[in-house]
Amino acid sequence: MSVPFHMSRTSISRHVMATCQVIWDVLHPLELPTPTAEQWRMIAKRFGDLWDYPFAIGALDGKHIALQNPANSGSMYYNYKVYPSVVLMALSDADSCFILVDCGQYGRISDAGVYNISRISTLLEEKQLDIPTATFKISGSDIDIPFMIIGDEAIPLKPYLMKPFAARTLNAKRRLYNYRHSRARRAVECAFGIMSRKFEVFQRPMRVQPDKAVLLTNAVVCLHNFIRRRDGNLVDSSSTVTYEVMENRGDGMQPSAINARGGRATDEAIAIRDGIADFFSVPDGSVHWQNKLVFRHVLRPDGE
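Because the structure is predicted, anything quoted here is derived from the model rather than measured. (Residues numbered from 1 in each chain as written. Predicted model: local features only at pLDDT ≥ 70, side-chain atom pairs only at ≥ 80, totals over all residues. Heavy atoms only, no water.)

S.K.: Describe the overall build of the chain, listing the residues and the values that go with them.
M.R.: Each helix and strand counted, the chain has nine helices and ten strands in total. Relative to its full complement of 304 residues, the chain shows a buried share of 51%. Across the chain, every contact between residues at least 6 apart in sequence was considered, and the portion connecting residues at least 24 apart equals 68%. When the accessible surface of the chain is totalled, it reaches about 15400 Å², and 52% of it is carbon and sulfur. (Helix = DSSP H or I, 4+ residues; strand = E, 2+ residues; numbered from the N terminus. Buried < 20%, exposed > 50% of the residue type's maximum accessible area, 1.4 Å probe, protein only. Contact = heavy atoms within 4.5 Å. Areas by Shrake-Rupley, 256 points an atom, 1.4 Å probe, with all protein chains shown as cover.)

Right under this line is the structure:
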């Protein structure tokens, strides 16, 4: 940008950072406000309409934002793939817009560790997000199902935080649950993919120091929401809904490490997940195409 604007690289750099700070200050309260109880209900309805998981109020995941040689950092920023990074932990709604973000933790920390020390975890544990306390009653079970967040294997299993069943414990019912769970969690994967493809700063390691990388990422998150709410649609090929898929082909944003040692789950959380798995297997909670997709590579007893 220095040539067309007839400015030095240093001046351009300062203006870029100042602009990112203004974008964050102005758009953060507008594009990343804490949802109200009614808005959480609307998000859950969207998850039911788009992803057939009506109990979810958000999909949680983390990504590594690659850096290039941060100064005086030792090994703290080097992740499990042995390149320096900071971690972006984000909660997305059903339309792939970010609800909450926490960026800046050291790359060497696992996904579970990042979640445990993140602002998102603190707000959930201290019940500061105004999440409705109402519960769902599902057919065939007397278990109360609360509004919940869905994540991957790295997060701890809690009544308000669901993760898929471990691969070694799978049966037909749990395979169906894992499919429905993973399908709904695609909302946050789509959010990361769309953002990284639309903003090329994520296509390669950032040549800035970690604090500036965090500022750049936060600004881009606000711009992503600003654009998504005014442009873009979702299409799901396995049903009647559509979503935009933009796969990240660069090296600037990578999945965070999976560390499934999130602590022992409570009996309540286990019962809730089992109850949802039962619900997804009965006619009231199933979708007509799920068996065909889940068991298409599984051999039947007769060998077919």
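S.K.: Outline the pairing of strand β3 (residues 98-106), supporting the account with residue identities and numerical values.
M.R.: Where burial is concerned, most of β3 is hidden: seven out of the nine residues are buried. Of the pairings in the sheet, the one linking strand β2 (residues 85-92) to β3 comprises seven bridges and is antiparallel in character. Across the sheet, residue Val-87 finds its bridge partner in β3, namely Gln-105. (Pairing = 2+ DSSP bridges.)

S.K.: For unusual backbone geometry, give the residues involved together with the corresponding values.
M.R.: Phi is positive for His-6, close to 55°, though the residue is something other than glycine. Along the chain, His-6 turns up in the loop between α1 (2-5) and α2 (9-31). What makes His-6 exposed here is its relative accessible area of 73%.

S.K.: Give a description of the confidence of the model for the chain that names residues and reports values.
M.R.: Mean pLDDT over the chain: 86, with 87% of residues reaching 70 or higher. When pLDDT is averaged over each helix and strand of the chain, the minimum, 40, is found for strand β9 (residues 242-243) and the maximum, 96, for strand β6 (residues 148-150). Scored below 50 in pLDDT, residues 236-250 shows 46 contacts in the model against residues more than four places distant or in partner chains. (pLDDT = per-residue confidence, 0-100.)

S.K.: Just give me the short version of helix α8 (residues 267-281), but keep the residues and values in it.
M.R.: In this model, α8 (15 residues) spans 21 Å end to end at C-alpha, consistent with the 21 Å of a helix rising 1.5 Å per residue. Listed as buried for α8 are Ala-269, Ile-272, Arg-273, Gly-275, Ile-276, Ala-277, Phe-279 and Phe-280. Where α8 is buried, its residues meet β5 (144-146), β6, β7 (161-162), α6 (172-198) and α9 (290-294). (Expected span 1.5 Å × (residues − 1).)

S.K.: Explain the environment of Lys-173 to me, using residue names and the numbers behind them.
M.R.: Looking at the secondary structure, you find Lys-173 in helix α6. For Lys-173, a relative accessible area of 38% gives the class partly exposed. Distance in space between the C-alpha atoms of Lys-173 and Val-282 is 9.8 Å, their sequence separation being 109 residues. Not counting residues within four places of it along the chain, the set of residues in contact with Lys-173 comprises Ala-277, Asp-278 and Ser-281.

S.K.: Account for the environment of Met-1, with residues named and values stated.
M.R.: Along the chain, Met-1 turns up in the segment before α1. Residue class for Met-1 comes out exposed when judged on its relative accessible area of 60%. In sequence terms Met-1 and Ser-13 are twelve residues apart; their C-alpha atoms lie 9.5 Å from each other.

S.K.: Go over the environment of Pro-70 with me, naming the residues and quoting the values.
M.R.: Secondary-structure assignment places Pro-70 in the loop between β1 (56-66) and β2. Here the alpha-carbon distance between Pro-70 and Pro-84, two residues 14 residues apart in the chain, equals 7.4 Å. Apart from residues no more than four positions distant in its own chain, Pro-70 is found in contact with Tyr-77, Pro-84, Gln-209 and Pro-210.

S.K.: Pulling in residues and values, what's your account of the packing of helix α3 (residues 37-51) against α6?
M.R.: With their axes 10 Å apart at the nearest point, α3 and α6 run at an angle of 115° to one another. When the interaxial angle is binned, α3 and α6 end up roughly perpendicular. α6 is crossed by α3, and the crossing has right-handed handedness. Residues Phe-47, Leu-50 and Trp-51 of α3 lie in contact with α6, whose contacting residues are Arg-183, Ala-184, Arg-186 and Ala-187. (Axes fitted to C-alpha atoms, helices over the stretch in contact; angles between N-to-C directions. Parallel < 35°, antiparallel > 145°, perpendicular 65-115°, else oblique. Left-handed = near helix turned anticlockwise from the far one by under 90°.)

S.K.: Residues and numbers for the packing of α2 against helix α7 (residues 210-228), please.
M.R.: Close contact between α2 and α7 brings their axes to 8 Å; oriented N to C, the two are set at 45°. When the axis of α2 is compared with that of α7, the two are oblique. Once α2 is placed against α7, the crossing between them reads as left-handed. Counting all contacts with α2, which are made through Val-16, Met-17, Cys-20, Gln-21, Ile-23, Trp-24, Leu-27, His-28 and Glu-31, the residues of α7 involved are Lys-212, Leu-215, Leu-216, Asn-218, Ala-219, Cys-222, Leu-223, Asn-225 and Phe-226.

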